[in-house]
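# Remarks on the overall topology
Listed here are the chains, written in short residue letters.
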Amino acid sequence: MTGEDAAEVAALLAGSWRRTYAPLMGAERADAEAAGFTAERLAADLERPHAEAFVALADDDGISGYAYAVVEKGVLWLDRLHVLPAQQGTGVAQALLQAVMTSFVGEPSMSLEVIEGNDRAIRFYEKNGFVAAERKSACGSIQGVPTLVMRRPLPRA
Ligand SMILES: CC(C)(COP(=O)(O)OP(=O)(O)OC[C@H]1O[C@@H](n2cnc3c(N)ncnc32)[C@H](O)[C@@H]1OP(=O)(O)O)[C@@H](O)C(=O)NCCC(=O)NCCS
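Residues numbered from 1 in each chain as written. Predicted model: local features only at pLDDT ≥ 70, side-chain atom pairs only at ≥ 80, totals over all residues. Heavy atoms only, no water.

A separate point is the site of the ligand. Inspection of the region around the ligand gives 19 residues, with Leu81, Val83, Gly89, Arg120 and Lys127 positioned closest. In the environment of the ligand, an oxygen atom lies 2.6 Å from a nitrogen or oxygen atom belonging to the side chain of Lys127. For the ligand, the protein covers 72% of the area, taking 950 Å² as the surface of the free molecule. Mapped by element, the contributors of at least two residues to the shell around the ligand are α1 (6-25), β3 (75-83), β4 (109-115) and α5 (119-127). Residue composition of the shell around the ligand, grouped by class: eight nonpolar, six polar and five charged. (Near = heavy atom within 4 Å. Polar contact = N/O pair within 3.5 Å; in protein donor to acceptor, adjacent residues only side chain to side chain. Areas by Shrake-Rupley, 256 points an atom, 1.4 Å probe, with all protein chains shown as cover. Helix = DSSP H or I, 4+ residues; strand = E, 2+ residues; numbered from the N terminus. Nonpolar A, V, L, I, M, F, W, Y, C, P; charged D, E, K, R; others polar.)

Next up on the list: the side chain of His82. Inspection of the secondary structure puts His82 in strand β3. In terms of polar contacts, His82 uses its side chain to reach the side chain of Ser16, at 2.7 Å. Non-local contacts of His82, meaning those with residues more than four positions away in its chain, are made with Leu12, Leu13, Ser16, Trp17, Tyr21, Ser64, Gly65 and Tyr66. (Contact = heavy atoms within 4.5 Å.)

Looking only at α5, the buried set comprises Ala121, Ile122, Phe124 and Tyr125. Buried residues along α5 cover an arc of 160° about the axis, so they all sit on one side. Turned more than 90 degrees from where α5 packs its buried face, Asp119, Arg120 and Lys127 sit exposed. At the C-terminal side of α5, Gly129 shows a positive phi close to 90°. (Buried < 20%, exposed > 50% of the residue type's maximum accessible area, 1.4 Å probe, protein only. Arc of directions from axis to C-beta.)

Another aspect to go through is the pattern of salt bridges. Using the criterion set out here, one finds six salt bridges in the structure. A salt bridge links Asp45 to Arg41, with the shortest nitrogen-to-oxygen separation between them at 3.7 Å. On the criterion of helical spacing, the pair formed by Asp45 and Arg41 is a turn pair, its members being four residues apart in helix α3 (residues 39-45). Judged by its relative accessible area of 7%, Asp45 is buried. Look at Arg41 and you get partly exposed, because its relative accessible area is 35%. Close ionic contact of Asp45 with Arg80 constitutes a salt bridge, the shortest N to O distance being 2.8 Å. Remark: Arg80 occurs in strand β3 and Asp45 occurs in helix α3; sequence separation between them is 35 residues. (Salt bridge = Lys/Arg side-chain N within 4 Å of Asp/Glu carboxyl O.)

On to the environment of Glu8, then. In this fold, Glu8 is placed in helix α1. The class of Glu8 is partly exposed, set by a relative accessible area of 38%. Along the backbone, Glu8 and Gly62 are 54 residues apart, and their C-alpha atoms lie at a distance of 8.4 Å. Here Glu8 is in contact with Gly62 and Ile63, once residues within four sequence places are set aside.

Right, let's get into the packing of α1 against helix α2 (residues 27-34). Each packed pair of helices is defined by two parameters, the angle between the axes and the distance between the axes. Running from N to C, α1 and α2 point in directions that differ by 145°, and their axes come no closer than 7 Å. Where α1 crosses over α2, the two elements pack in a sense that is right-handed. Contacts from Ala14, Trp17, Arg18, Tyr21, Ala22 and Met25 in α1 reach Ala27, Arg29, Ala30, Asp31, Glu33 and Ala34 in α2. For the contact of α1 with α2, a count of residues per class yields eight nonpolar, no polar and four charged. (Axes fitted to C-alpha atoms, helices over the stretch in contact; angles between N-to-C directions. Left-handed = near helix turned anticlockwise from the far one by under 90°.)

Here you go:
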């Protein structure tokens, strides 16, 4: 991903948050949280140390998926993984996950938070080797949303 992709990724995130999280936390809350992912913020996140972002391109060169991971306090977090509905089930998510894992070779494990009820995502993570490690009552700063922390070891360098 480059800074030039930021506006398109922001639009992808806004749609994905509404579709995925409105049924789980309400449309108003989902939209409010998604509004935080401005193009400016996404571009700035590219400059953070120990962070990597990837986009997947569809045949028409439009962005069909986005992944962002960052090491915070010594823990590698897969912070964002979103694929357009038309490209779900095609291996795009898998390719993005692989790109992230490859770029962080040497890290012992990868962690993520997934909201309970996001069953498709949970199934995707399980089949990619993640297991539930902890249950929390908040997803990051979003209070009152039961959330699973999932983790998997990474291949050794
Ligand atoms: C999560 C996401 C990246 C996974 O990518 P994907 O291409 O949909 O994943 P896959 O199709 O490879 O795997 C999904 C699995 O869930 C299954 N599935 C589909 N709908 C399901 C449901 N309602 N409940 C349980 N499993 C479901 C699929 O059959 C598939 O399993 P299988 O390969 O054993 O058949 C994608 O769905 C997405 O972008 N979702 C919206 C954003 C999101 O939730 N991101 C995760 C934030 S933590």
